[in-house]
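# Fold and contact review
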Amino acid sequence: MNSLRLPEKIYFKKGCMSLALDELKAVYNAKKAFIISDMSLYRNGVTAVIEKKLDELSVQHFCFFNINTAPDISLIEEAAKAVKLFEPDVIISFGSGYAADTAKLVRVKYEYPETDLCVLSSDFSDIAYREKNFPKLGEKALLVSIADINSNASEVSPYAVFYADGEELYIADYEIMSDMAVIDADFMLDGTKEEIVKAGLSALVRAVNALDSQTATEYTDGFVIKAVQGIMQYMPEAVEKGAKESKSFEKLIEALNMAAIAYANTSSIINVDGTAQYLADIIRLSAAESEESCSRYSELSSALGFKGNDDKKLTEKLIGKIEELVSFCGLENKALKCE
């Protein structure tokens, strides 16, 4: 049976962070918050905005800010020891997907100290085919994820990536999903053109991947359509004028979040970095191999305003639109090399 799984609450309007943290105190009666953040955000004083708000709410806090790359098992263990000593009732990740993934896995170790994350990875590498129940989380700490421009959709996804002995491992289960996700454009206004391009094109790849997934549903398709419409409409101006052009940038951020929700509710785990340059060719090949895929791309093309009744022609119009956006972002559209 299909289902749509989301964080219990998603805050997504500009300036929403303050309201979300107010709720931690008013609704959840939080007393101690353990913050996991990126080193650059901490050093630049951005994390201090959250700490100041927690001070106003009389919530004791500690910040673990050693995140600058994808977490390895030793970093997760180090953070887990600090969490055990601090005994928080809420864990807050702030910043990149690395910070969010670290927080997800640290909560697992906080609530189940003897858990072997590597074993969980082997058991749950595909969220659609879990072999046994994942440990129930949330008994000790609420998990809040506050995103920035580099969050890579982790704040609303049931996935986490980490390294052990140099090997990249995945954990996939809805238990590790955040209880509360905060997507506040105010925390993304310092995003560079390169970061906006990467975030926007990565979200486009996620949306298209979700559309053509075997586990796609009418619900995820709806998020995909609104996401791609938003990316196509608002990304050029956001890239051209920068994050300071708040209207188009805020709308783009909302589109990225909708792409993330669609991606989180389909079963594929893909590495989206750099994939946008091949996206047009991926669609072209997929549509050629499957009439069903071609029909789905055609539907998305129609949602973007293209007219016609021929699925193949509509798909080509979608491909042209994607190639146009990739080129606008200063990247080369590339063809896949089939061996």
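Small disclaimer: the values here were computed from a predicted structure and weren't measured. (Residues numbered from 1 in each chain as written. Predicted model: local features only at pLDDT ≥ 70, side-chain atom pairs only at ≥ 80, totals over all residues. Heavy atoms only, no water.)

### A look at the overall build of the chain
Looking only at helices and strands, one finds twelve helices and eight strands in the chain. For 339 residues, the compact-globule estimate of 2.2 N^0.38 gives 20 Å, and the C-alpha radius of gyration of the chain, at 20 Å, lies within 12% of that figure. With the C-alpha coordinates of the chain rotated into their principal frame, the extents come out at 60 × 45 × 35 Å. Counting only residues that meet the buried cut, the chain has 54% of its 339 residues in that class. Across the chain, every contact between residues at least 6 apart in sequence was considered, and the portion connecting residues at least 24 apart equals 78%. Of the roughly 15700 Å² of accessible surface on the chain, 48% is carried by carbon and sulfur atoms. (Helix = DSSP H or I, 4+ residues; strand = E, 2+ residues; numbered from the N terminus. Rg over C-alpha atoms; globule rule 2.2 N^0.38 Å. Buried < 20%, exposed > 50% of the residue type's maximum accessible area, 1.4 Å probe, protein only. Contact = heavy atoms within 4.5 Å. Areas by Shrake-Rupley, 256 points an atom, 1.4 Å probe, with all protein chains shown as cover.)

### Here's the deal with the side chain of Ser96
Summarising the element assignment, Ser96 is placed in the loop between strand 4 (90–95) and helix 5 (97–111). On the basis of relative accessible area, Ser96 is assigned to the buried category, the value being 8%. When sequence neighbours within four positions are dropped, the list of residues in contact with Ser96 reads Asp38, Asp148, Asn150 and Ser151.

### Section: a nonpolar patch on the surface
Together, Leu4, Leu6 and Tyr219 make up an exposed nonpolar region whose accessible area comes to about 290 Å². Topologically, Leu4 is positioned in the segment before strand 1 (9–11). (Patch = residues over 30% accessible without salt bridge, like charges linked within 9 Å, V, L, I, M, F, W, Y side chains within 5 Å. Salt bridge = Lys/Arg side-chain N within 4 Å of Asp/Glu carboxyl O.)

### A look at the packing of aromatic side chains
Per the stated rule, a full pass over the model turns up seven aromatic pairs. Summarising the aromatic geometry, the rings of Phe34 and Phe64 are spaced 6.4 Å apart at their centres and angled 25 degrees between planes, so their arrangement reads as stacked. Remark: Phe64 occurs in strand 3 (residues 60–67) and Phe34 occurs in strand 2 (residues 32–38); sequence separation between them is 30 residues. Classification of Phe64 by relative accessible area gives buried; the value is 6%. Site record: aromatic cluster; members linked through ring pairs are Phe34, Phe62, Phe64 and Phe86. If you follow Lys32 out to its NZ or CZ, it ends over the ring of Phe86, 4.7 Å from the centre. Sitting over the ring of Tyr263, Arg206 keeps its end group 5.7 Å from the ring centre. (Phe/Tyr/Trp six-rings, centres within 6.5 Å; stacked < 30°, edge-to-face > 60°. Lys NZ or Arg CZ within 6 Å of the ring centre and 35° of its normal.)

### Overview of the nonpolar core
Membership of the largest hydrophobic core comes to 52 residues, with the highest contact counts inside it found for Ile231 and Phe249. Sorting the residues of this core by element identifies helix 7 (193–211), helix 8 (218–241), helix 9 (246–264), helix 10 (276–289), helix 11 (291–303) and helix 12 (311–328) as the ones contributing at least two each. No other element matches helix 7, which puts eleven residues into this core. Residue contacts for Phe249: discarding those within four places in its chain leaves Ile149, Ala185, Met188, Leu189, Ile196, Ala238 and Ala243. Counting residues in hydrophobic clusters, the runner-up holds 28 residues, among them Ile67, Ile91, Leu137 and Ala141. (Core = buried A, V, L, I, M, F, W, Y, C linked by side-chain atoms within 4.5 Å.)

### Focus: the pattern of salt bridges
Charged atoms that come close allow side chains of opposite charge to pair. For the coordinates displayed, the defined rule picks out twelve salt bridges. Linking Lys14 and Asp186 is a salt bridge whose minimum nitrogen-to-oxygen distance equals 2.8 Å. Of this pair, Lys14 sits in the loop between strand 1 and helix 1 (17–26) while Asp186 sits in the loop between strand 8 (180–182) and helix 7; the two residues are 172 residues apart in sequence, bridging distant segments of the chain. On the basis of relative accessibility, which here comes to 35%, the residue Asp186 falls in the partly exposed class. Taken together, the shared-partner salt bridges in this structure form one network comprising Asp281, Arg284, Glu316 and Glu323.

### A closer look at the pairing of strand 7 (residues 167–172)
Consecutive residues of a regular strand have side chains that alternate between opposite faces of the sheet. For strand 6 (residues 159–164) and strand 7, the ladder comprises six bridges, and the chain directions are antiparallel. Following the sheet pairing, Tyr163 is matched in strand 7 by Glu168. From the end of strand 6 to the start of strand 7, which pair antiparallel, there are two residues, and Asp165 there has a positive phi angle of about 55 degrees. (Pairing = 2+ DSSP bridges.)

### Some words on the sheet that holds strand 3
An order of 1-8-5-4-2-3 is seen for the six strands of this open sheet, with the pairing classed as parallel. Each of the sheet's edge strands pairs with one partner strand only, and the pair in question is strand 1 and strand 3. In this sheet, neighbouring strand axes are inclined to one another by 15 degrees on average, regardless of whether the strands run parallel or antiparallel. Of the pairings in the sheet, the one linking strand 2 to strand 4 comprises five bridges and is parallel in character. Counted as the bridge partner of Ala33 is Val90 from strand 4. Strand contacts of helix 1: strand 1, strand 4, strand 5 (142–147) and strand 8, with the helix running at about 155 degrees to strand 8, the strand carrying the most contacts. Contacting strand 2 and strand 3, helix 4 (residues 73–86) runs over the sheet at an angle of about 170 degrees to strand 3. (Axes fitted to C-alpha atoms, helices over the stretch in contact; angles between N-to-C directions.)

### Some thoughts on the environment of Pro71
Considering the arrangement of structural elements, one finds Pro71 in the loop between strand 3 and helix 4. Since its relative accessible area comes to 1%, Pro71 is described here as buried. In this structure, the C-alpha to C-alpha distance between Pro71 and Gly330, residues 259 residues apart in sequence, is 30 Å. The residues contacting Pro71, other than those within four sequence positions of it, are Ile76, Tyr98, Thr102, Val161, Phe162 and Tyr163.

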